[in-house]
Amino acid sequence: MAIDENNPYRKALVQLLHSIDDEIHLEKGSRLTMLHLLNSEEKIVKFNKWVMSHLEDGKLNATETEVVRAAVKASKD
């Protein structure tokens, strides 16, 4: 079941994905996959923690593949 698009966690996830896309280009399919996978507040929090742990001097130090893998892992934990 998808999280409501008006949910503040969902809105924050969309903003986070836009920020990631500004730093490392994300393919449309990757963005859609992550939005689909991260369908609960708990999963979004796990993914956000992963992103925060991969920041160096305020910049994301990860590839698109690593970001998608982190979303997949957060969706399964």
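**Quick notes on the pattern of salt bridges**
Phase 1 of the analysis: Taken as a whole, this structure holds 2 salt bridges when the rule is applied.
Phase 2 of the analysis: The closest approach of N and O atoms between Glu42 and Lys46, which form a salt bridge, is 3.2 Å. Here Lys46 and Glu42 lie together in helix H3 (residues 41–53), a separation of 4 residues that amounts to about one turn.
Phase 3 of the analysis: For Glu42, a relative accessible area of 52% corresponds to the exposed category.

**A word on the side chain of Arg10**
Phase 1 of the analysis: Residue position: Arg10 is located in helix H1 (residues 8–23).
Phase 2 of the analysis: Put simply, Arg10 is tucked away with no salt bridge, and the nearest opposite charge, on Glu5, sits 5.3 Å away.
Phase 3 of the analysis: Once residues lying within four places of it in the same chain are set aside, the contact partners of Arg10 are Ile3, Asp4, Glu5, Leu35 and Ile44.

**Quick word on the nonpolar core**
Phase 1 of the analysis: Counting residues in each nonpolar core, the largest one holds 19 residues, and the members touching the most others are Ile20, Met34, Leu38, Phe47, Leu60 and Val67.
Phase 2 of the analysis: Elements with a contribution of two residues or more to this core: H1, H3 and helix H4 (64–76).
Phase 3 of the analysis: Here this core gets 5 residues from one element, more than from any other, and that element is H4.
Phase 4 of the analysis: Non-local contacts of Ile20, meaning those with residues more than four positions away in its chain, are made with Leu26, Phe47, Val51, Leu60 and Val67.

**Some details on the packing of H3 against H4**
How two helices sit against one another is set out by the angle between their axes and by the gap between those axes.
Phase 1 of the analysis: Relative orientation of the contacting elements H3 and H4 amounts to 145°, with a least axis distance of 8 Å. Relative to H4, H3 is oriented so that their crossing is right-handed. For the pair formed by H3 and H4, the contact residues are Lys43, Lys46, Phe47 and Trp50 on the first element and Glu66, Val67, Ala70, Ala71, Ala74 and Ser75 on the second.
Phase 2 of the analysis: A breakdown of the residues in the contact of H3 with H4 according to their chemical character gives 6 nonpolar, 1 polar and 3 charged.

**Details of the environment of Thr63**
Phase 1 of the analysis: Following the sequence through the fold, Thr63 ends up in the loop between strand E2 (59–60) and H4.
Phase 2 of the analysis: Residue class for Thr63 comes out partly exposed when judged on its relative accessible area of 41%.

**Some remarks on the packing of H1 against H3**
Phase 1 of the analysis: With their axes 10 Å apart at the nearest point, H1 and H3 run at an angle of 30° to one another. Compared by their axis directions, H1 and H3 come out roughly parallel. In this structure, H1 meets H3 at a crossing whose hand is left-handed. Contacts from Tyr9, Arg10, Leu13, Leu16, Leu17 and Ile20 of H1 reach H3 at Glu41, Ile44, Val45, Phe47, Asn48 and Val51.
Phase 2 of the analysis: The class makeup of the residues in the contact of H1 with H3 is 9 nonpolar, 1 polar and 2 charged.

Parameters and conventions
- Residues numbered from 1 in each chain as written.
- Predicted model: local features only at pLDDT ≥ 70, side-chain atom pairs only at ≥ 80, totals over all residues.
- Heavy atoms only, no water.
- Salt bridge = Lys/Arg side-chain N within 4 Å of Asp/Glu carboxyl O.
- Helix = DSSP H or I, 4+ residues; strand = E, 2+ residues; numbered from the N terminus.
- Buried < 20%, exposed > 50% of the residue type's maximum accessible area, 1.4 Å probe, protein only.
- Lys, Arg positive; Asp, Glu negative; His and termini not counted.
- Contact = heavy atoms within 4.5 Å.
- Core = buried A, V, L, I, M, F, W, Y, C linked by side-chain atoms within 4.5 Å.
- Axes fitted to C-alpha atoms, helices over the stretch in contact; angles between N-to-C directions.
- Left-handed = near helix turned anticlockwise from the far one by under 90°.
- Nonpolar A, V, L, I, M, F, W, Y, C, P; charged D, E, K, R; others polar.
- Parallel < 35°, antiparallel > 145°, perpendicular 65-115°, else oblique.

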